[in-house]
4 protein chains.
Amino acid sequence: MTVFKTTYRVTWSDTDAAQVVHHSNYFRLFERTEEEFYEHLGLSFNSIIERGYWLPRIEAFCQYKTPSRFGDVLEISLSVKEIKEKTIKYRFVVKKKDTDVLVAEGYVVVATADKKIRKAINIPSEIVEKLKAFQNS
Amino acid sequence: MTVFKTTYRVTWSDTDAAQVVHHSNYFRLFERTEEEFYEHLGLSFNSIIERGYWLPRIEAFCQYKTPSRFGDVLEISLSVKEIKEKTIKYRFVVKKKDTDVLVAEGYVVVATADKKIRKAINIPSEIVEKLKAFQNS
Amino acid sequence: MTVFKTTYRVTWSDTDAAQVVHHSNYFRLFERTEEEFYEHLGLSFNSIIERGYWLPRIEAFCQYKTPSRFGDVLEISLSVKEIKEKTIKYRFVVKKKDTDVLVAEGYVVVATADKKIRKAINIPSEIVEKLKAFQNS
Amino acid sequence: MTVFKTTYRVTWSDTDAAQVVHHSNYFRLFERTEEEFYEHLGLSFNSIIERGYWLPRIEAFCQYKTPSRFGDVLEISLSVKEIKEKTIKYRFVVKKKDTDVLVAEGYVVVATADKKIRKAINIPSEIVEKLKAFQNS
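Residues numbered from 1 in each chain as written. Chains lettered and ligands numbered in written order. Predicted model: local features only at pLDDT ≥ 70, side-chain atom pairs only at ≥ 80, totals over all residues. Heavy atoms only, no water.

Turning our eyes to something else, we now look at the overall build of chain A. Counting its secondary structure elements, chain A contains three helices and eight strands. On the principal axes, the C-alpha backbone points of chain A span a range of 45 × 30 × 25 Å. The proportion of buried residues among the 137 residues of chain A is 58%. Across chain A, the fraction of contacts at a sequence separation of at least 24, relative to all contacts at a separation of at least 6, is 68%. Accessible area of chain A: about 5,800 Å², with a carbon and sulfur share of 48%. (Helix = DSSP H or I, 4+ residues; strand = E, 2+ residues; numbered from the N terminus. Buried < 20%, exposed > 50% of the residue type's maximum accessible area, 1.4 Å probe, protein only. Contact = heavy atoms within 4.5 Å. Areas by Shrake-Rupley, 256 points an atom, 1.4 Å probe, with all protein chains shown as cover.)

Structure, rendered in structure tokens:
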């Protein structure tokens, strides 16, 4: 099982009046992790966009386990749960880096769409090939 | 089946470079709807917070059906799917107000917690009573 | 002196760990007010965008006077401070609606640009005409 | 003249429908830079907060020079422009890291306040001492 990991330090504007990271910001954190994963794979989002593709989100889910706070350093793990013809399901796990405490976990289902026709298309094979190494069911 | 409805006009900062509402912002929209629902019930979030309670999110889920764009007027419906001892599950449906096109639907599971002891507590009975009118399974 | 006024209720995701509206969100509030002002004038942002124009911000400034909190109802006033060939300067004043306490004030300088050539152009005369009624120096 | 520098890669949720970083997000970027500057100085925001202080923003200003886009790597420079008894003025310059093109520049005036009495206090001398090395007028 191959997992991509990255870290993120919680910034002040991530927090809300409960003095914890606002729940919606975990979805931004998932997306940022996906971007870094693509960079790691040598698949830049920008090159995908320039070819006229777009990566709309189909579903997003998160379970919140332990609040994280301003200044926390989080470790986010990404793995590929499912590759279908037109969609990819990523799984994300967020932990506090120093204590390994589970903060949140969730998944996001992403499609590949053609920007002009605004319809889902098959995921380009070069992407599928690179993602397979990170797949685990 | 009783449903609470409100409207929201998409502002520029809700959008992303795909020229649609960023997927994380639907969770902010759900929360805003929940706040207006509480106001409608005469249960202000602030009075709850002042009594030392806090309403952490336990789970959040959204399915994205049709993109919405800058300037769109959205109609958001909230219903209560489940009331447990310590959690409430809200269901949200987002449509374009003028065409009734389904934009997104999802749910959020909210707990009631005591701010001092940072533990889930039973949902106060006055809240349960008011929510029951909006419950449908 | 003619001023455009609108109201806004502070939502949970506007706040930060100091339990006040995050300072960057006042700029989002200014922009939202500008959008409603355009609607009020019968000048939709969308129609401007569809004609191939774009309204980039050149400068933004805000002074923070009194924190605002979750649930506060704010009254935002917009007036036009200056109309130049290629830029408009809006002034914004944010108060608490119930007490009239000054929360923040600032300004934003907006240009009109052609999306294709990505250069500033003269503000279309129909916009200038409508803005003049709200100008005061 | 001593300047603190850091880098930041533009993430998808930073952008808006003009396909550039939303103007309000530069203020979040300034704040993130200030946080990293404090870490660099060995002055954690959290330790300041734990001592009962709070760092409210008094003024914020930004001039936008060149749009930045998704995936851009930005270099942000922070310098200290002014240290008064109760306020610090930081200056920020944002450039594209690869081309050195100026993206934005601005300043933020920050006060130190006592959280309990909610009033500005003199900046603690240990902070003043460390900031002086980065001051230039």
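From this point, the narrative continues.
Each side of the interface is counted separately: chain B has 23 residues, and chain A has 23 residues. Across the chain B to chain A interface the summed buried area is about 2,100 Å²; carbon plus sulfur atoms make up 52%. The largest share of the area that chain B buries against chain A comes from His23(B), Arg28(B) and Tyr64(B), three residues that together contribute 23% of it. On inspection of chain B and its partner chain A, the count reaches zero salt bridges. Linking chain B with chain A are 12 residue pairs in polar contact (both at pLDDT 80 or more). Tallying contributions element by element places strand β3 (residues 57-64) of chain B first for the side of chain B that touches chain A, with eight residues. Grouping the amino acids of the side of chain B that touches chain A by side-chain chemistry returns 11 nonpolar, five polar and seven charged. Sheet topology places strand β3 (residues 57-64) of chain A next to β3(B); five bridges connect them, and they run antiparallel. Opposite Glu59(A), over in β3(B), you have Gln63(B) as the bridge partner. (Buried area = accessible area lost by both parts, 1.4 Å probe. Salt bridge = Lys/Arg side-chain N within 4 Å of Asp/Glu carboxyl O. Polar contact = N/O pair within 3.5 Å; in protein donor to acceptor, adjacent residues only side chain to side chain. Nonpolar A, V, L, I, M, F, W, Y, C, P; charged D, E, K, R; others polar. Pairing = 2+ DSSP bridges.)

A few words on the relation of the copies chain B and chain D. Superposition record for chain B on chain D: RMSD 0.0 Å, screw rotation 180°, translation along axis 0.0 Å. Here the two chains are linked by the operation of a two-fold rotation axis. For chain B, the smallest separation between a C-alpha atom and the rotation axis is recorded for Asp16(B), amounting to 2.0 Å. Most of the interface of chain B is mirrored in chain D, where 100% of its interface residues are also at the interface. (Least-squares fit on C-alpha atoms with pLDDT ≥ 70 in both.)

Take the pattern of salt bridges next. Going through the model one piece at a time under the given rule, you end up with 48 salt bridges over all chains. The salt bridge involving Arg9(C) is made with Glu36(B); its shortest N-O contact spans 3.9 Å. Of this pair, Arg9(C) sits in strand β1 (residues 4-9) while Glu36(B) sits in helix α1 (residues 25-41), on two different chains. Classification of Glu36(B) by relative accessible area gives partly exposed; the value is 23%. What you see here is one network of salt bridges that share partners, running through Lys5(A), Glu75(A) and Lys97(A).

With that out of the way, let us pick up the interface of chain B and chain D. Across the boundary between the two partners, chain B contributes eight residues, which contact eight residues of chain D. Carbon and sulfur atoms make up 61% of the surface buried where chain B meets chain D, a total of about 810 Å² over both sides. Considering only the surface of chain B that becomes buried against chain D, Trp12(B), Ala17(B) and Gln19(B) emerge as the three largest contributors, covering 55% of it. Scanning the region where chain B abuts chain D turns up six residue pairs in polar contact (both at pLDDT 80 or more). Residues of the side of chain B that touches chain D, tallied by class, amount to three nonpolar, four polar and one charged.

This paragraph deals with helix α3 (residues 125-132) of chain C. Residue and element names in this part refer to chain C. For α3, the complete set of buried residues consists of Ile127, Val128 and Leu131. For α3, the angular spread of buried residues about the axis comes to 100°, placing them on one side. Residues Ser125 and Glu129 are exposed on α3 and point more than 90 degrees away from its buried face. Contact partners of the buried residues in α3: α1 (25-41), α2 (45-50), β4 (73-83) and β5 (87-96). (Arc of directions from axis to C-beta.)

In this section: the state of the cysteines. According to the stated counting rule, one finds zero disulfides over all chains in the structure shown. Between Cys62(A), a free cysteine, and Cys62(B), which holds the nearest cysteine sulfur, the sulfur-to-sulfur gap is 13 Å. Using a relative accessible area of 0% as the deciding quantity, one classes Cys62(A) as buried. (Disulfide = S-S within 2.5 Å.)

Turning to the relation of the copies chain B and chain A, a few remarks are in order. You can overlay chain B on chain A at an RMSD of 0.0 Å; the transform is a turn of 180° with a shift of 0.0 Å along its axis. Take the interface residues of chain B: 96% of them recur as interface residues in chain A, which is what a same-surface contact looks like.

Turning our eyes to something else, we now look at the confidence of the model for chain A. Averaged over all residues, the pLDDT of chain A equals 93, while 99% of them reach at least 70. Our summary of model confidence lists the complex with pTM equal to 0.96 and ipTM equal to 0.95. (pLDDT = per-residue confidence, 0-100.)

Residues and elements named next belong to chain B. Taken together, the three strands give an open sheet; going across it, the order is β2-β7-β8, and neighbouring strands pair in antiparallel fashion. Edge positions in the sheet fall to β2 (53-54) and β8 (119-120), since each has one partner strand and no second. Bridge analysis of β2 against strand β7 (residues 113-114) gives two bridges, and the strand direction is antiparallel. By the bridge assignment for β7, tryptophan 54 is matched with alanine 113.

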